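Breakdown of the fold
This is what each chain is made of:
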Amino acid sequence: MAIERTLSIIKPDATRRNITGAIVARFEEAGLRVVAQRRAHLTQEQAEQFYAVHRERAFFEDLCTFMTSGPVVVQVLEGEEAISRNREVMGATNPANADEGTIRRDFGESVEANSVHGSDAPETAAEEIGFFFSQIDIVG
Ligand code: GDP
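The numbers attached to residues start from 1 for each chain and follow its sequence in the written order. Only residues with pLDDT of at least 70 are given local features in this predicted model, and only at 80 or more are side-chain atom pairs given and counted; all residues enter the totals for whole chains, interfaces and linings. Side-chain figures throughout are based on the complete set of non-hydrogen atoms in the structure, without hydrogens or water.

Now for the site of the ligand. In this text, near means that some heavy atom of the residue lies within 4 Å of the molecule or strand in question. Surveying the vicinity of the ligand reveals the residues Lys 11, His 54, Phe 59, Leu 63, Arg 87, Thr 93, Arg 104, Val 111, Glu 112 and Asn 114. By the criterion applied in these results, polar contacts are pairs of N or O atoms within 3.5 Å in which, for protein atoms, one can donate a hydrogen and the other can accept it, and in which residues neighboring in sequence qualify only through two side-chain atoms. Within the contact set of the ligand, an oxygen atom lies 2.9 Å away from a side-chain nitrogen or oxygen of Arg 87. Measuring from an oxygen atom of the ligand, one finds a side-chain N or O atom of Arg 104 at 3.0 Å. Here the open area of atoms and residues is found with the Shrake-Rupley method and a 1.4 Å probe, where only the protein chains shown may cover a residue. Across the complex, the protein chains shield 78% of the 550 Å² of accessible surface that the ligand would expose by itself. The nonpolar class holds Ala, Val, Leu, Ile, Met, Phe, Trp, Tyr, Cys and Pro. Asp, Glu, Lys and Arg form the charged class, and all remaining residues, Gly among them, are polar. Looking at side-chain class alone, the shell around the ligand contains three nonpolar, three polar and four charged residues.

Turning our eyes to something else, we now look at the pattern of salt bridges. Salt bridge criterion: a side-chain nitrogen from Lys or Arg within 4 Å of a carboxyl oxygen from Asp or Glu. Under the definition given, this model contains seven salt bridges. The salt bridge partner of Arg 105 is Glu 100, with a shortest N-O separation of 3.8 Å. Within this structure, Asp 13, Arg 16, Arg 17 and Glu 109 form a network of salt bridges that share partners.

Below, the structure is given as structure tokens:
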């Protein structure tokens, strides 16, 4: 098994409810290590750039408005198969469809306000980590 790094975002619905620690505990319990972390309040431009792949989707504007509605916590998580492991711990996009015990099932408010983002593949993980962090910020 390979050690990977993935980009995680704890979204504004979770910072608003002051549950970032509870979410980080889920990552750590799953064997994922926080090797970089910063609180940020995304600008409209940053949100649009980060979610550019969804530009044509009907929910794009709503998503960017939501992601700029409050602070987020951006993180790099490291561990064995970290990208897929994190996606498992997060659960399905829509909390209503997410498995029991997943972050989105337990904490998500809606398909949009679903508490966490996680990269979905090695290429996007590298790109998304580079969007927020420099090598010097990541301490494994
Ligand atoms: P993810 O990889 O599981 O985060 O899902 P996607 O890449 O498909 O979508 C990105 C984000 O857009 C999701 O995490 C949600 O916050 C939001 N989103 C996805 N589908 C919908 C939708 O149908 N409506 C709205 N309002 N937001 C959505």
